[in-house]
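Geometric and topological summary
These are the residues of each chain, in order.
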There are 2 protein chains.
Amino acid sequence: MYNLKLLDKAVDQFASLPGIGRKTALKFVLHLLKRNANEVDTFIQSIRDLKTHIRECSCCHNISEGELCDICNDPKRDSGIICVVENIKDILAIEATSQYNGLYHVLGGIISPMDGIGPSDLHIDSLLERIDKQPVREIIFALSATIEGDTTGYYIFKKLKNKEELVISTIAKGISVGNDLEYTDELTLGRSIVNRVRFNFNE
Amino acid sequence: MYNLKLLDKAVDQFASLPGIGRKTALKFVLHLLKRNANEVDTFIQSIRDLKTHIRECSCCHNISEGELCDICNDPKRDSGIICVVENIKDILAIEATSQYNGLYHVLGGIISPMDGIGPSDLHIDSLLERIDKQPVREIIFALSATIEGDTTGYYIFKKLKNKEELVISTIAKGISVGNDLEYTDELTLGRSIVNRVRFNFNE
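Residues numbered from 1 in each chain as written. Chains lettered and ligands numbered in written order. Predicted model: local features only at pLDDT ≥ 70, side-chain atom pairs only at ≥ 80, totals over all residues.

Residue and element names in this part refer to chain B. Relative to each other, helix α1 (residues 5-15) and helix α2 (residues 22-34) sit at 120 degrees, their axes nearing to 8 Å. When the axis of α1 is compared with that of α2, the two are oblique. Crossing angle aside, the handedness with which α1 passes α2 is right-handed. Where α1 approaches α2, its residues Leu-7, Ala-10, Val-11, Phe-14 and Ala-15 are matched on the opposing element by Arg-22, Ala-25, Leu-26, Phe-28 and Val-29. Taken together, the residues that form the contact of α1 with α2 break down as nine nonpolar, no polar and one charged. (Axes fitted to C-alpha atoms, helices over the stretch in contact; angles between N-to-C directions. Helix = DSSP H or I, 4+ residues; strand = E, 2+ residues; numbered from the N terminus. Parallel < 35°, antiparallel > 145°, perpendicular 65-115°, else oblique. Left-handed = near helix turned anticlockwise from the far one by under 90°. Contact = placed C-beta atoms within 7 Å. Nonpolar A, V, L, I, M, F, W, Y, C, P; charged D, E, K, R; others polar.)

Attention now goes to the relation of the copies chain A and chain B. Superposition of chain A onto chain B requires a rotation of 180 degrees combined with a translation of 0.0 Å along the rotation axis, giving an RMSD of 0.1 Å. The superposition of one copy onto the other is thereby described by a two-fold rotation axis. Residues of chain A ranked by C-alpha distance from the rotation axis are headed by A:Ile44, positioned 3.0 Å from it. Residue by residue, 100% of the interface of chain A is reproduced at the interface of chain B, so both copies engage with the same surface. (Least-squares fit on C-alpha atoms with pLDDT ≥ 70 in both.)

All names here are of chain A. Across the sheet, four strands lie side by side as β4-β3-β5-β6; this open sheet has parallel pairing. The sheet terminates laterally at β4 (102-106) and β6 (167-170), the two strands that pair on one side only. On average, adjacent strands in this sheet sit at an angle of 25 degrees to one another, irrespective of strand direction. Inspection of the sheet shows strand β5 (residues 138-141) paired to β6 by four bridges, in the parallel sense. (Pairing = 2+ DSSP bridges.)

Contacts between chain A and chain B engage 36 residues on the former and 36 residues on the latter. Contributing elements (two or more residues each) for the side of chain A that touches chain B: α1 (5-15), α2 (22-34), α3 (37-53) and α5 (88-97) of chain A.

One finds A:Val29, A:Val84, A:Tyr104, B:Val29, B:Val84 and B:Tyr104 to be the most contacted residues of the largest nonpolar core, which totals 76 residues. What B:Val29 contacts, discounting residues up to four positions off in sequence, is A:Leu50, B:Leu7, B:Ala10, B:Val11 and B:Phe14. (Core = buried A, V, L, I, M, F, W, Y, C linked by C-beta atoms within 7 Å. Buried ≥ 20, exposed ≤ 12 C-beta atoms within 10 Å, placed from the backbone.)

The next point concerns the sheet that holds strand β6 (residues 167-170) of chain B. All names here are of chain B. Strand order in the open sheet made by the four strands is β4-β3-β5-β6, with parallel pairing throughout. The open sheet is flanked by β4 (102-106) and β6, the only strands paired with a single partner. Neighbouring strand axes in the sheet, compared pairwise and without regard to direction, differ in orientation by 25 degrees on average. Relative to β4, strand β3 (residues 78-85) is paired through five bridges, and the arrangement is parallel. Bridging from a neighbouring strand, Ile-82 pairs with Leu-103 of β4.

This paragraph deals with the confidence of the model for chain A. Across chain A, pLDDT averages 88, with 97% of residues at or above 70. Of all the helices and strands in chain A, helix α8 (residues 186-194) of chain A carries the lowest mean pLDDT, 81, while β4(A) carries the highest, 95. (pLDDT = per-residue confidence, 0-100.)

It is worth spelling out the pairing of β3(B) at this point. Working note: regular strand, side chains alternate between the two faces of the sheet. Residues and elements named next belong to chain B. On the question of chirality, the crossover connecting β3 to the parallel β4 by way of helix α5 (residues 88-97) is right-handed. Inspection of the sheet shows β3 paired to strand β5 (residues 138-142) by five bridges, in the parallel sense. Note that in β5 the partner of Cys-83 across the bridge is Ile-140. (Right-handed = clockwise from strand over helix to strand, strands pointing away.)

The interhelical angle for the contact between α1(A) and helix α3 (residues 37-53) of chain B, taken along N-to-C directions, is 145 degrees, at an axis separation of 9 Å. Along this stretch, α1(A) crosses α3(B), giving a crossing that reads as left-handed. Of α3(B), the residues touching α1(A) (which contributes A:Leu6, A:Leu7, A:Lys9, A:Ala10 and A:Gln13) are B:Thr42, B:Phe43, B:Ser46, B:Ile47, B:Asp49, B:Leu50 and B:His53. The residue inventory of the contact of α1(A) with α3(B), partitioned by class, reads six nonpolar, four polar and two charged.

Pasting the structure below:
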């Protein structure tokens, strides 16, 4: 594309980021070239620090600066509930709601035979271990509302069948808050009727 | 957004790239966290090399690994024609067409009073100097077909008025190749009629 090898190399590197093509990568590279050396150093340093100091929480596989992540370490959180999610971004999304005070477990993916991802590729064994060791009352599946998400939940559910006192739940599927009924698809609307919630005047 | 300062810092840095918000920046950061240390080192090194070794061509303000860029250095190129462009990306676009064999001059922007960019902020003086020193036959304006582009072209055109032997041209405005007439806007269609090209059976 261009005669400058160093430029091409940097474009290649940026183009390896998810969702970035060579045109956008070139835009980034030309932008960095315009910045002063200090700013670029800060940019580089932030990536280096990230890679050096951030690791996986040994308990829940969330990202962490220490052995355990901030959530696992927080004594104020309810360690009796574990919310099972696909990836770290899901934790961020649930934390942003401020509606959950338990712990998490990141599977690192979802069972998807089409993509060659089986149960052994996910952090399912470490989840089962956690449930064996810790006193856990409830497991919440917060997985995508797709066939893959349902399969993954069902697979783990079957593994936990012998735990009679454990409550196993899944996040509610239904119409989005603020959405009109007429624009909701049939499957979602159907689920929202089947899983209707009793009206509570005191709420 | 998240408790990890290092993560936040890296997200801030990526979010400073053009067109990237914090959500996409987070996606990049989590992606980099998943890669192995060597890959991240290569990524960092490519940015560092870029900033250390690539500079501006002292003649045409294109990017370059040496004092002069590959295009200015190329003896096969016609140094009698200078194509005036807004930025480096425009050079890449024109080079990709393989239809031009002259030199370039990067203005580094376009006259835009709304954004506070005047003629003195652009590399116009160095263009006039080049024309004084080198034997230049033709100047081609390859600027955006906007009021700002036309203003910039006209400003430089006026500065060159005294050069009687210099040909000053601008790239053709007209309908896009492969486009239907009915979908072309009136202004463009009007320009394409006014600037019609004589049909040549031998072409």
